[in-house]
Amino acid sequence: MNNNTEKSKPTIFYAKNSESKKPFRSATKKTTGWKSKDDSFQVKPKRDRHDRIETFKPRNDKSAFAKKSFIVDLNQSKLPIENESPWQKKLRTNEQTPTFGYDGYRQRKEETLVYSENSCKAVFKHRRTAIVKLFITQEMTYQFKELIEWLVKQRLGYDVVSSEQIGKITQTQHHGGVCLIVKKRIPLTLLDYLENNSDKDHDCVLAIDDVNNPHNLGGLIRSAAFYGVNGVMLRQTNLLDSGAAMRVAEGGVEAVESIKSDDFVASIDMLKQHGYQVIALLPCQVKSITSSELHQIHFNKKVAVVIFQQINMKLINSANIVVHLKGNDNMSSLNISVATGVLLSNLHK
């Protein structure tokens, strides 16, 4: 046999396990082995597949094996045909996915997603320390140059990804090419809010009850921020952390304080005790409920506006004034966010 062929073969050793294995064959069956010099019968040890150890000698020569190319063709889904590497299936030639675990971050209670241009800019303006990571397309990097520079200084991560990948992260196509992972805000109690704003002569609180649609909620928050509302009170403040609500609010969520209330009736009584005028806005005119038109109302310096989609008689009875917007036969009511904007515009005057 050729000597070169013998040298190219790997050197194979067999190692014995330290623990002796119990024979699995019956004692009555014939065993294979050999006889030693003293004529005693020796059982031939069985080789386990885990005992195989392959040792390859390093190659210093420029053999045909060393000359083979192992360059991965990025435009092809597989390696060159001449290279039959056992690692071929382990090479990832597909498009790189973000380092963001979609389900992992969504399951965390302390973090949420913020997307769209204005919402992300508002987060960077009001609470940049809450930012965890940024995902952005190449086209949007120029508009967020200051944010990227700040992330680099703070040693926080950011990924430049495609629009399709941000769509997978946000589960929507209306992301605007930018997405932030941010820490959720801790809501205030009504007592803490009143203590923090006790020195203000003018104040407005928006109490939102039973508005669960994120688009309507986002529209309400946008109107509240536009007309200078300082606090928004909800039963479930986590609704403000919805990516859709923050996108529709266009950054307005960052401009108002989040107030959590488990008992709206008790909260309204507390507001009245602190000198707030409580105004309940009906979604439409109801004959069984005594209400006034908007132009008939005289607003105080401190006002709390109660908003609801389904009429809550307990809240109506707790209010100082009940207001409705007069429509016509063609349209008797407005969208809840639009109606709130009309009321706040008159309050702002």
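This is a predicted model, so every value here is computed, not measured.

What counts, and where the lines are drawn
Residues numbered from 1 in each chain as written. Predicted model: local features only at pLDDT ≥ 70, side-chain atom pairs only at ≥ 80, totals over all residues. Heavy atoms only, no water. Salt bridge = Lys/Arg side-chain N within 4 Å of Asp/Glu carboxyl O. Helix = DSSP H or I, 4+ residues; strand = E, 2+ residues; numbered from the N terminus. Buried < 20%, exposed > 50% of the residue type's maximum accessible area, 1.4 Å probe, protein only. Polar contact = N/O pair within 3.5 Å; in protein donor to acceptor, adjacent residues only side chain to side chain. Contact = heavy atoms within 4.5 Å. Phe/Tyr/Trp six-rings, centres within 6.5 Å; stacked < 30°, edge-to-face > 60°. Lys NZ or Arg CZ within 6 Å of the ring centre and 35° of its normal. Core = buried A, V, L, I, M, F, W, Y, C linked by side-chain atoms within 4.5 Å.

Draft legend 1. View of the pattern of salt bridges. Under the criterion given, the structure shown has five salt bridges. Among the ionic pairs, Glu117 bridges to Lys121, the shortest N-O distance being 2.9 Å. One end of the pair, Glu117, and the other, Lys121, are both in helix α4 (residues 117–126), four residues apart, so they sit about a helical turn from each other. Exposure remark for Glu117: the relative accessible area of 27% places this residue in the partly exposed category. Residue classification places Lys121 among the partly exposed positions, given a relative accessible area of 35%. Taking the shortest distance from any N to any O, the salt bridge between Glu254 and Arg127 comes out at 2.6 Å. Of this pair, Glu254 sits in the loop between α9 (243–249) and β12 (257–260) while Arg127 sits in the loop between α4 and β6 (131–136); the two residues are 127 residues apart in sequence, bridging distant segments of the chain. By relative accessible area, Arg127 is classed as buried at 15%.

Draft legend 2. Region of interest: the side chain of Thr112. Structurally, the position occupied by Thr112 is in strand β5 (residues 111–115). Looking at Thr112, its side chain comes within polar contact range of the main-chain oxygen of Asp241, at 2.8 Å. Not counting residues up to four positions away in its chain, the partners in contact with Thr112 are Leu180, Ile181, Val182, Lys184, Asp241 and Met246.

Draft legend 3. Region of interest: the packing of aromatic side chains. Inspection of the entire model under this criterion finds two aromatic pairs. On the basis of an interplanar angle of 85° and a centroid distance of 4.9 Å, the ring pair of Phe226 and Tyr227 is categorised as edge-to-face. Given a relative accessible area of 64%, Phe226 falls into the exposed group. The aromatic ring of Phe144 is capped on one face by Lys121, whose charged end is 5.7 Å from the ring centroid. Seen from the ring of Phe264, Arg235 lies directly overhead, with NZ or CZ sitting 4.5 Å from the centre.

Draft legend 4. Layout of the nonpolar core. One finds Ile131, Leu134, Leu147, Leu180, Leu206, Ile208 and Ile221 to be the most contacted residues of the largest nonpolar core, which totals 46 residues. In this structure, Ala207, Met233, Ala280 and Leu282 belong to the second largest nonpolar core, which totals 23 residues.

Draft legend 5. Quick look at the environment of Gly177. In this fold, Gly177 is placed in the loop between α6 (163–170) and β8 (178–183). In the structure, Gly177 is positioned 16 residues away from Val161 in sequence and 9.0 Å away in space, judged by C-alpha atoms. In this structure Gly177 touches Phe135, Ile136, Thr137, Met140 and Ile166, once residues within four positions along its chain are discounted.

So yeah, pure geometry; function would need other evidence.
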